[in-house]
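In case you want the letters, here they are:
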Amino acid sequence: MGGDPLFSNGVDLAVVLIVIVKVVVTFVFLLIATMLMVWFERKLIGDMQNRIGPNRAGPWGIMQTLADGIKLFFKEHFMPERAHSAVFVLAPFLSFVPAFLLFAIVPVTGNFADGGNGTVEIFGYTTYVQLADPPIGILFALAMSSVAVYGVMLAGWSSGSKYPLLGSVRASAQMCSYEAAMGLAVVGVVLVTGTLETTQMVLVQAGPGPFGWVPNWGIILTAVIPFVIFVIAGTAELNRPPFDLVEAEQELVGGFNTEYSSIRFALFFLAEFMNTITMSAIFVTLFLGGPAGPAPIGPAWVWGLVWFFLKLFVFLFMFVWFRATLPRFRYDQLMHLGWRVLIPLALGWLLLLATGHIASDQGWPLGIAIPIALVVMAAASGLIRVASRRALEARLAELEPGGVVL
Amino acid sequence: MTNLDVPYLVLAGGLFAVGAFGLLYRRNPLVMLMCVELMLNAVNLTFVTFGRMMNDLNGQVIVFFVLVVAAAEVVVGLAIIVAVIRRRPGASADDLKVLRG
Amino acid sequence: MSVQLVVFFICALIALFGAGGVVWSRSPVHSALSLVATLFAIAVLFLNQNAQFLAAVQVIVYTGAIVILILFVIMLLGVDKLENLADEPLGIGFRVAGGVVAVALLAVLLAVFFFGGRTIVTGKPAQATFGGTSTYQPISQQAVSNPQAGVIDTADVPNINLLGKQIFTQYILAFEVTAALLTIAVVGAVVMAHRSKQVQPIPDEPESLDSGADLAAIDAAGEEVREA
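Analysis parameters
- Residues numbered from 1 in each chain as written.
- Chains lettered and ligands numbered in written order.
- Predicted model: local features only at pLDDT ≥ 70, side-chain atom pairs only at ≥ 80, totals over all residues.
- Heavy atoms only, no water.
- Helix = DSSP H or I, 4+ residues; strand = E, 2+ residues; numbered from the N terminus.
- Rg over C-alpha atoms; globule rule 2.2 N^0.38 Å.
- Buried < 20%, exposed > 50% of the residue type's maximum accessible area, 1.4 Å probe, protein only.
- Lys, Arg positive; Asp, Glu negative; His and termini not counted.
- Charge placed at Lys NZ, Arg CZ, Asp CG, Glu CD.
- Axes fitted to C-alpha atoms, helices over the stretch in contact; angles between N-to-C directions.
- Parallel < 35°, antiparallel > 145°, perpendicular 65-115°, else oblique.
- Left-handed = near helix turned anticlockwise from the far one by under 90°.
- Contact = heavy atoms within 4.5 Å.
- Nonpolar A, V, L, I, M, F, W, Y, C, P; charged D, E, K, R; others polar.
- Salt bridge = Lys/Arg side-chain N within 4 Å of Asp/Glu carboxyl O.
- Buried area = accessible area lost by both parts, 1.4 Å probe.
- Polar contact = N/O pair within 3.5 Å; in protein donor to acceptor, adjacent residues only side chain to side chain.
- Pairing = 2+ DSSP bridges.

A. Summary view of the overall build of chain B. A count of helices and strands for chain B gives 3 helices and 0 strands. In chain B, the succession of α and β elements from N to C terminus is α-α-α. In summary, chain B has a C-alpha radius of gyration of 17 Å against a globular reference of 13 Å for 101 residues, an excess of more than 25%. Projecting the C-alpha coordinates of chain B onto the three principal axes gives extents of approximately 55 × 25 × 20 Å.

Pasting the structure below:
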């Protein structure tokens with residue numbers, strides 16, 4: 001355990017240059033990936049809706065995003081009279097920058113096959129293929145998702161008009177609610193992998209699995225439920241469909257980015273897609289083993305890249321699929337799902353995982369410990385249900401007849 | 001490497017003094033709450049600095065608990081402020097004397 | 001000129017300017033944003049002192065939840081208007097007194113830190129550290145001679161592992177009590193925000209627009225305009 005081996009011999013000019021190269025490569029990669037993601041989404045949705053999608057700008061319409069960006073660049077950009085100008089200008093960047101920073105802790109490739117330690121050699125320096133490997137790895141991802149809420153909230157408030165304010169308050173309440181479920185799902189993964197650092201997590205997941213051929217991925221180690229919770233909560237956190245109530249055009253006139261146009265709107269738009277890519281990368285790192293995978297022939301890092309992109313592609317496809325097929329959640333359904341379903345489920349499953357681990361550490365038979373834990377969980381959830389139903393009845397009973405619950 | 005112990009403490013002391021001044025100067029209850037948070041953060045910084053100076057982990061443990069209690073305090077404080085302001089729009093800190101009982 | 005020195009100065013400047021912004025901003029939202037800047041600077045200062053877990057928790061809890069709650073209340077309740085000094089019960093003397101107190105406080109703190117210097121830390125470190133040191137090591141030595149005693153971070157065991165071990169063994173009671181405190185705080189906040197009696201009754205009939213009187217009045221007004 002420890003940080004990046006790049007820094008183990010002190011920091012000299014070559015190390016600084018390597019870090020700068022990593023930063024530039026990450027930046028360029030994310031921008032190009034966002035461009036391609038927008039194109040991919042439009043093409044795929046067109047395909048699912050039995051139409052062609054953009055196909056004029058460049059081969060297969062790949063340059064469409066670039067064309068849209070140029071168009072947005074030349075649009076008139078104005079600021080409403082009652083807008084608070086400093087915050088109005090700041091808000092898109094508060095949404096945009098955390099999306100970049102989130103990608104810093106994702107290991108993109110490395111020497112993970114056959115018991116490697118996840119490094120590559122660049123000009124004689126061994127390093128991890130990720131921008132930074134802080135010991136608090138995955139907490140940094142949670143922190144950046146928390147900061148992303150500010151962009152949304154300040155955008156709506158600084159527009160100076162009613163509908164963006166309402167939209168942004170709703171959006172930030174949604175994002176804050178699902179952060180709790182995300183955090184609890186992450187704790188499940190931290191429990192089973194035993195570390196917060198992303199490279200160590202991938203190393204644990206690259207090891208031998210339960211029956212020999214089953215990969216030791218996070219999704220298997222945590223028994224699937226935290227994965228489902230994290231995917232749902234992550235989708236809600238990104239304001240992606242089916243949780244995109246707050247920015248849909250049919251609702252609230254476009255939500256928190258109503259008053260934004262041209263470059264600033266483009267920044268919000270790009271930030272959403274970039275967040276999608278980085279969140280998918282986090283999914284892959286936590287639950288699907290990151291770049292880990294067999295490397296039959298050739299250098300291991302090439303295969304790492306291949307596996308990482310294949311797994312990433314699965315999630316990007318999933319996000320577009322959600323958009324094309326699922327209807328939107330209503331706001332109260334969304335809040336109910338976040339607080340009343342996901343959080344208790346994540347908490348209960350975390351306790352179950354902890355029970356399993358303690359039982360196997362102490363030598364208790366798992367066949368007895370786990371069913372007991374399940375019975376306790378069922379009893380607890382039954383108690384909670386009874387209590388909330390009683391509270392609802394008490395609340396309804398104290399209304400005057402014909403009243404409306406606020 | 002210069003020893004940064006005293007600069008850290010001076011910074012924390014300065015932040016605490018600024019927070020105290022803000023608490024005494026401003027009348028908006030929310031800004032006063034923010035000044036209290038500022039003072040709490042100055043104290044956190046002091047604890048972490050002393051923990052590092054004494055090579056003791058307890059400094060960070062205390063900060064952990066201070067963070068949690070500060071969160072609980074903000075929740076309750078905001079609930080009180082919301083309850084008062086709803087009934088008396090435009091309330092300032094002097095109007096919180098309705099809590100006197 | 002080490003990295004820690006540079007980072008300290010930059011973050012100290014940001015923190016102080018942010019604190020000034022909290023106190024001097026006219027709009028509460030600007031105060032909140034300045035507070036965010038200060039909190040970030042303090043999180044980086046935590047990182048600078050090897051308190052990595054605390055830095056992450058500071059960002060997640062303070063900037064990611066507490067300040068957002070405060071901003072919600074500001075935005076939803078519209079507590080935006082400037083304060084009127086004329087409403088002060090004691091007038092401007094109150095604020096001058098506040099300034100004097102704050103300056104005195106700052107003077108006392110600076111005196112303690114500058115003249116006490118590095119010897120203000122007295123007494124033994126608590127026995128609750130790993131291994132435990134039985135002899136006090138003066139600060140000026142800055143010695144890390146006993147590697148396991150109260151160590152904050154080693155290459156082998158990350159900061160968070162040590163912290164977790166300490167919290168869940170030595171401070172488990174405080175941990176449980178704090179958890180109960182959080183629950184009580186949440187229940188209290190829900191109770192205080194509960195509006196049970198202010199239920200709007202649905203009106204019997206919506207006021208309709210085709211009450212004859214209104215139309216007659218409009219017609220009459222229109223005729224007057226036409227005749228004029």
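B. The overall build of chain A, seen in detail. Helix and strand counts for chain A stand at 12 helices and 2 strands. Along chain A, from the amino end to the carboxyl end, the secondary structure elements read α-α-α-β-β-α-α-α-α-α-α-α-α-α. Relative to a compact globule of 406 residues, whose C-alpha radius of gyration would be 22 Å, chain A shows 23 Å and is just as compact. Along the three orthogonal principal directions, the C-alpha set of chain A runs to about 65 × 60 × 45 Å. Burial status across chain A gives 48% buried among its 406 residues. When the 21 positive and 24 negative side-chain charges of chain A are each reduced to one mean point, those points stand 9 Å apart.

C. Region of the structure containing the packing of helix H1 (residues 3-24) of chain C against helix H2 (residues 28-48) of chain C. All names here are of chain C. Taken N-terminus to C-terminus, the directions of H1 and H2 make an angle of 155°; their axes are 8 Å apart at the nearest point. Judged by the angle between their axes, H1 and H2 are roughly antiparallel. Here the hand of the crossing between H1 and H2 comes out left-handed. Where H1 abuts H2, its residues Gln4, Val7, Phe8, Cys11, Ile14, Ala15, Gly18, Ala19, Gly21 and Val22 lie against Ser31, Ser34, Leu35, Ala37, Thr38, Ala41, Val44, Leu45 and Asn48. The class makeup of the residues in the contact of H1 with H2 is 12 nonpolar, 7 polar and no charged.

D. Local environment of the pattern of salt bridges. Residue and element names in this part refer to chain A. Within the structure shown, the criterion is met by 6 salt bridges over all chains. Between Asp68 and Arg42 there is a salt bridge whose closest N-O contact spans 2.7 Å. Here Arg42 lies in helix H1 (residues 13-48) and Asp68 lies in helix H2 (residues 64-74), a separation of 26 residues in the sequence. Relative accessible area serves as the criterion here: at 22%, Asp68 is assigned to the partly exposed category. Residue classification places Arg42 among the partly exposed residues on the basis of a relative accessible area of 35%. The partner of Arg330 in a salt bridge is Asp332, and the shortest N-O contact between them spans 2.7 Å. For Asp332, a relative accessible area of 43% translates into the label partly exposed.

E. Summary view of the environment of Gly124 of chain A. All names here are of chain A. Position of Gly124 among the secondary structure elements: in the loop between strand E1 (119-122) and strand E2 (125-128). Residue Gly124 is classed as exposed on the basis of its relative accessible area, which comes to 61%. Taking the C-alpha atoms as reference points, Gly124 and Asn275, 151 residues apart in sequence, are found 33 Å from one another.

F. Structural detail: the interface of chain C and chain B. Counting residues at the interface gives 92 residues for chain C and 71 residues for chain B. Taking both sides of the interface into account, the surface hidden between chain C and chain B amounts to around 7400 Å²; carbon and sulfur atoms contribute 75%. Contact with chain B buries area across many residues of chain C, yet Val23, Gln49 and Tyr62 of chain C alone supply 9% of it, more than any other trio. For the pair chain C and chain B, the interface holds 0 salt bridges. Taken together, the connections running from chain C to chain B amount to 10 residue pairs in polar contact (both at pLDDT 80 or more). Within the residue set of the side of chain C that touches chain B, elements represented by two or more residues are H1, H2, helix H3 (52-77), helix H4 (92-116), helix H5 (159-169) and helix H6 (172-193) of chain C. In the side of chain C that touches chain B, the residues fall into 63 nonpolar, 20 polar and 9 charged.

G. Fine view of the pairing of E2 of chain A. All names here are of chain A. When E1 meets E2, the two strands line up antiparallel, connected through 4 bridges. Paired with Glu121 across the strands is Thr126, a residue of E2. Between E1 and E2, which pair antiparallel in sequence order, lie 2 residues; one of them, Phe123, sits at a positive phi of approximately 50°.

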